[in-house]
Amino acid sequence: MTETENELIRPAVSDEGFADIYDEDGHVRHDFLTQIGAAIADRDVLYLRQHVAKLHETELGHVIEAIQPDQRLALVRLMGADFDLTALTEVDEAIRMQIVDQMPNEQIAAAIGELDSDDAVYILEDLDDDDREEILAQLPFTERVRLRRALDYPESSAGRRMQTEFVAVPPFWTVGQTIDYMRDEEDLPESFTQIFVIDPTFKLLGSVNLDQILRTKRQVKIETIMRDTNHPISALMDQEEAAQLFEQYDLLSAAVVDENERLVGVLTIDDVVDVIQEEAEEDLLRLGGVGDEELSDSVRETSRSRIPWLAVNLVTAFLAASVIGVFEATIERIVALAILMPIVAGMGGNAGSQTMTVTVRALATRNLDIHNAFRVVRREAGVGLLNGLVFGLLIGLVAGLWFQDANIGGIIAAAMLINMMAAAIAGILIPLLLDRFGADPAVASAVFVTTVTDITGFLAFLGLATWWFM
């Protein structure tokens, strides 16, 4: 098949990018994926270079995730040097490793050399030590040292996220010298908004925004217009804490310093946005007890990640069932109790989950601490009391009419009030206690809150029924 015929079958994608490859729901268009699949099958390198290589790294990442698994590596191989390795920072870890593991280290090293240091670290950190060292050995000395220094910092730290390319000048330079340096120097970041001021030992002295440079006459010295650096970030700081600083102070970029206050990198807003998204997704997944599970994981991996918390849930379910067993005689005499008791436990579980979700998020964003904990606990107890009264009266009325027994209605109303109060208090106190003792409240809270609401609900409802009827 000729190249002209291929073009007729696979229409060109225009240079507008985003609007062309996505449908109205934000998914990669099926017809575009079909065109790429056909080009891969036909080994149509020209089409791939013209219409895939030009995609933005995020778009290319979405395409890689959307095509068939057996097409991904073929796409990378056919595109060769035209494949933007940055796209692999936009895909699930399992997909990234599937591709990188099959790529020659020479090809990875060549591509790594073209990436920003933060993107390069993102790819290198998941490789085996031997492969990583082999790739680093093929890079220029300066770049190799920068990447190794970033990789030495703990995972999920600001040092891992930082970009080691930045512009730094001494305080005695003039504005004119600084401008000339930026015009002549080839090894500058692709984009930046700040110029950092350092002493001979690389200790951070201050910074100057680019707009200030442009507004100042050439003969003025940098030290006269520099200002203290806005909230320098320790390279050892957790990336989530760094993201909170960006949010709190509306930063676009921030200097990253080591333990000796020496400038080692810069953290930029695009990386912080990724951190915020990752942390939010991580908290959401942990609340569901699924850890760092990804859609690309295999059946075995997915099952293995879910089994531990399901096992814990099984144990707690037996605890709740044992409470029911204590009141077996009461349930046998009054069948209505068996019908109604799941309502009490279920409503309590939902109410507890609401409070727990708000509490875990408040802890993650540091909006909840020892100073305002009592006020929040008091508020949630009030919410539990109010909701318990509303739904207690509602379910009591329905149950009383349903079974033609006002006693049943009154008992379930009282049990609902008790359990809603317990759910509200457990939903905030359990995450607080777990956080206080160093456990991750996002991971462990759900199981314990559900256990409390189940046991309290059954105990209140069946206990009141036994006391009243027996």
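Below, the discussion takes up the overall build of the chain. A count of helices and strands for the chain gives 23 helices and six strands. Relative to its length of 470 residues, the chain is extended, with a C-alpha radius of gyration of 30 Å against a globular reference of 23 Å. Across its three principal axes, the chain shows a C-alpha extent of roughly 90 × 65 × 40 Å. When the 470 residues of the chain are sorted by exposure, 45% land in the buried category. Considering only intrachain contacts with a sequence separation of at least 6, the fraction spanning at least 24 residues in the chain is 67%. Split by element, the accessible area of the chain, about 24,900 Å² in all, is 56% carbon and sulfur. In the chain, 34 side chains carry a positive charge and 78 a negative one; their mean positions are 5 Å apart.

On to the sheet that holds strand S4 (residues 233–234). Read across the sheet, three strands follow the order S4-S5-S6 without closing on themselves; strand pairing throughout is mixed. For this open sheet the edge positions go to S4 and strand S6 (263–268), each flanked by a neighbour on one side alone. Relative to S6, strand S5 (residues 253–257) runs antiparallel, the two being bridged by five bridges. In the strand pairing of S6, Ala254 is matched with Leu267.

To continue, consider helix H20 (residues 335–364). Note on helix geometry: an α-helix contains 3.6 residues per turn, so any two residues three or four positions apart are oriented the same way. For H20, with 30 residues, the first-to-last C-alpha span of 45 Å sits near the 44 Å given by 1.5 Å per residue. By the largest-angle criterion, Met341 marks the main kink of H20, which is about 25°, and a proline, Pro342, follows within four residues.

So, about the sheet that holds strand S1 (residues 168–169). Reading across the sheet, the three strands line up as S1-S2-S3 and stay open at both edges, with mixed pairing between neighbours. Edge positions in the sheet fall to S1 and strand S3 (204–209), since each of these pairs with one other strand and no more. The pairing of S1 with strand S2 (residues 194–198) spans two bridges and is classified as parallel. Pairing of Val169 across the sheet is with Val197, part of S2.

Turning to the confidence of the model for the chain, a few remarks are in order. On average, residues of the chain score 85 in pLDDT, and 91% of them reach the 70 mark or higher. Within the model, pLDDT remains below 50 along residues 1–19, and this stretch shows 27 contacts once partners closer than five positions in the same chain are excluded.

Let us look at the nonpolar core. Leu48, Val63, Ile64, Leu85, Leu88, Ile112 and Ile233 are the most contacted members of the largest nonpolar core, which has 63 residues in total. Ranked by the residues each element gives to this core, the list is headed by helix H3 (residues 30–41), at five residues. With residues near it in sequence (within four places) discarded, Ile233 still touches Ala158, Ala242, Leu245, Phe246, Ala254, Ala255, Val256, Val257 and Leu267. Judged by nonpolar contacts, the second largest core, of 26 residues, contains Met341, Ala415, Phe458 and Phe461.

Among the five residues of S2, five are classified as buried, and the element is accordingly described as predominantly covered. Covered by surrounding structure in S2 are Gln194, Phe196 and Ile198 together with Ile195 and Val197, the residues of both alternating faces. Of the crossover connections in this fold, the one passing from S1 over helix H13 (residues 175–184) to the parallel S2 is right-handed. Where S2 lies against S3, five bridges are found, and the strand directions are antiparallel. Paired with Phe196 across the strands is Ser207, a residue of S3. Hairpin connection, S2 to S3: the antiparallel pair is bridged by five residues, and Phe202 has positive phi, about 70°.

Glancing now at helix H10 (residues 129–137). Taken as a whole, H10 has its buried residues at Arg132, Ile135 and Leu136. The arc that holds the buried residues of H10, viewed along the axis, is 100°, so those residues lie on one side. Away from its buried face, by an angle of more than 90 degrees, H10 presents the exposed residues Asp130 and Ala137.

Bringing the packing of aromatic side chains into the picture now. The tally for this structure, following the rule as stated, stands at three aromatic pairs. Ring centres 4.7 Å apart and planes at 25° place the aromatic pair Trp402 and Phe403 in the stacked group. Look at Trp467 and Trp468: their rings are 5.7 Å apart centre to centre, the planes differ by 55°, and that puts the pair in the tilted class. The class for Trp467 is exposed, based on a relative accessible area of 65%. The partly exposed category is assigned to Trp468, whose relative accessible area is 46%.

Relative to the assigned elements, Arg132 resides in helix H10. Leaving out residues up to four positions away in the same chain, Arg132 has contacts with Leu124, Glu125, Leu127 and Leu151.

Conventions and cut-offs
Residues numbered from 1 in each chain as written. Predicted model: local features only at pLDDT ≥ 70, side-chain atom pairs only at ≥ 80, totals over all residues. Heavy atoms only, no water. Helix = DSSP H or I, 4+ residues; strand = E, 2+ residues; numbered from the N terminus. Rg over C-alpha atoms; globule rule 2.2 N^0.38 Å. Buried < 20%, exposed > 50% of the residue type's maximum accessible area, 1.4 Å probe, protein only. Contact = heavy atoms within 4.5 Å. Areas by Shrake-Rupley, 256 points an atom, 1.4 Å probe, with all protein chains shown as cover. Lys, Arg positive; Asp, Glu negative; His and termini not counted. Charge placed at Lys NZ, Arg CZ, Asp CG, Glu CD. Pairing = 2+ DSSP bridges. Expected span 1.5 Å × (residues − 1). Bend = angle between axes of the 7 residues up to and from the residue. pLDDT = per-residue confidence, 0-100. Core = buried A, V, L, I, M, F, W, Y, C linked by side-chain atoms within 4.5 Å. Right-handed = clockwise from strand over helix to strand, strands pointing away. Arc of directions from axis to C-beta. Phe/Tyr/Trp six-rings, centres within 6.5 Å; stacked < 30°, edge-to-face > 60°.

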